[in-house]
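# Structure at a glance
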Amino acid sequence: MTTSHRILGAIAATGAAALVLSGCVAKSDVATGATFDVSSTDSACTVSGTTAESGTLTFEVTNDSGQVSEFYLLADDGLRIVGEVENIAPSASRTLTVVAQPGDYFTLCKPGMIGEGVGKSAFTVTGERVTVDGPDAEQKQQAVDLYAAFVKDQVGQLVPAVEDLVAAYEAGDDDTARSLFPLTRAFYERIEPVAEALGDLDPRIDYREVDAVAEGLDWTGFHRIEKDLWVPAQDALNADGETPAWQDWAPSTTEERADFGDLLLADVQELYDYVHSDDFTETLDDQGIGGISNGAIALLDEVATGKISGEEDWWSGTDLYDFAANVEGSKMAFSLVQDFAEAQGGEGAALVSEIESGYAALEQSLAAHGSLTDGFVGYSELTDADKREFTDLINALAEPLSQLTGTVLD
């Protein structure tokens, strides 16, 4: 066995705990299960079956609506995300591959990628609990353990960073808070799918105003603070391009700042407690390396659905910081499973090479506009050509990356 230098390099770049994953992996013994066809329309989410035996399940999702859509496999509480595929354009198809343990689940589509979604239906997985008994089982568990260490490290850095941000915000030291805002968010953006899997925690921490209003939620978290720190002009519009920025909003009072700051601290602490709990460990173990590769895909989807358009950090224009952190988190997750993809032979090796080239091209394009260390230009400074280049590079990477989970679980 040899140590994967790619993984150690990824850890050094992101500050994760110093664990080692062995390479030279073999093929998994996890049984391949059923394949389901999914049709997402404006009013329905039709799945070709409602039951399956435990193992590797594949959902071939076709977007038959007129809007960009998403498909979810939810846990039995209807909140936790077991697997998802986002950013499915009208008439396009995407594949979700997951390792499903016995239990009760729900399927759901979300046309327009906002609101509660449509067609929520029960889905049952029967049979025995999935175990991996092949010669690569130990290496796969090490990959899962390493990803857990990475997540814990990022959240461990997020907590004090949020404390500093909130302290400056509550004290009215806006210059300091503005300087801390994008760097603090980077820790969260690298591991965002973990929080998204916890139901309403990500909305409390990271929802934009237009999303919170659309879903009838109290608007709190990073972006509530952001709007206070970058107060919009009186005639400005929200990220939807329609709603006046000052409609049902005014700069927070000192007392309101204290409330919003304390809420963000509490929500980040809840995230910290979760990633240090047995529930987190068991969830990662259940998902296995498929969960890690799906995380790499989800983080790139985060870039495609918010950062490219400049809608994420609408008031601060710090979207490129989020963009870079999403890419770092995605690449870190990919690095933990790429050896397993390469072990599948020539096609797996070719896929890994294509993905590596995609990340390299995207990172090179980002570097032309700054870095997380030295700072990025504001989003408004990007030209239309810059945005088109980013879009093309993300699309070029997303296509082979979408095949990763199916490859590592072969």
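Keep in mind that this is a model prediction, so the values were computed, not measured.

One covalent bond between the sulfur atoms of two cysteine residues makes up a disulfide. Counted according to the given criterion, the structure contains one disulfide. Disulfide partner of Cys45: Cys109, at an S-S distance of 2.1 Å. Because the torsion about its S-S bond is 55°, the bridge between Cys45 and Cys109 counts as right-handed. With a gap of 64 residues between them, Cys45 in strand S2 (residues 45–47) and Cys109 in strand S8 (residues 103–109) connect regions that are remote in the sequence.

It is worth spelling out empty space enclosed by the protein at this point. A full pass over the atoms with the stated rule returns four cavities of 30 Å³ or more. Those elements giving two or more residues to the lining of the largest cavity turn out to be strand S6 (81–88), helix H4 (192–196) and helix H9 (278–307). The greatest single-element share of the lining of the largest cavity, amounting to nine residues, is contributed by H9. For the lining of the largest cavity, the class distribution of residues is 11 nonpolar, six polar and two charged. In this structure, the second largest cavity spans a volume of roughly 90 Å³. Considering the residues around the second largest cavity, the lining is formed by Arg208, Glu209, Val210, Trp219, His223, Glu226, Asn238, Ala239, Glu311, Glu312, Trp314 and Trp315.

This part covers the pattern of salt bridges. Between side chains of opposite charge, pairing is possible as soon as their charged atoms come close. Scanning the entire structure with this criterion turns up 19 salt bridges. For Arg185, the salt bridge identified is with Asp206, shortest N-O distance 2.6 Å. Taken together, the residues Arg185 in helix H3 (residues 174–190) and Asp206 in helix H5 (residues 201–206) connect sequence positions 21 residues apart. Residue Asp206 is classed as buried on the basis of its relative accessible area of 4%. We note a salt bridge from Glu363 to Lys331, for which the minimum N-O separation is 3.2 Å. Here Lys331 lies in helix H10 (residues 319–342) and Glu363 lies in helix H11 (residues 346–367), a separation of 32 residues in the sequence. For Lys331, a relative accessible area of 33% translates into the label partly exposed. One salt-bridge network, held together by shared partners, links Arg185, Glu189, Asp206, Glu302, Lys307, Glu312, Asp313 and Asp322.

Conventions used here
- Residues numbered from 1 in each chain as written.
- Predicted model: local features only at pLDDT ≥ 70, side-chain atom pairs only at ≥ 80, totals over all residues.
- Heavy atoms only, no water.
- Disulfide = S-S within 2.5 Å.
- Helix = DSSP H or I, 4+ residues; strand = E, 2+ residues; numbered from the N terminus.
- 1 Å grid on protein atoms, 1.4 Å probe; cavity = no way out; pocket = protein on both sides within 12 Å on 5 of 7 lines; lining within 4 Å.
- Points joined across faces, edges and corners; volume = space filled by probe spheres on them.
- Nonpolar A, V, L, I, M, F, W, Y, C, P; charged D, E, K, R; others polar.
- Salt bridge = Lys/Arg side-chain N within 4 Å of Asp/Glu carboxyl O.
- Buried < 20%, exposed > 50% of the residue type's maximum accessible area, 1.4 Å probe, protein only.

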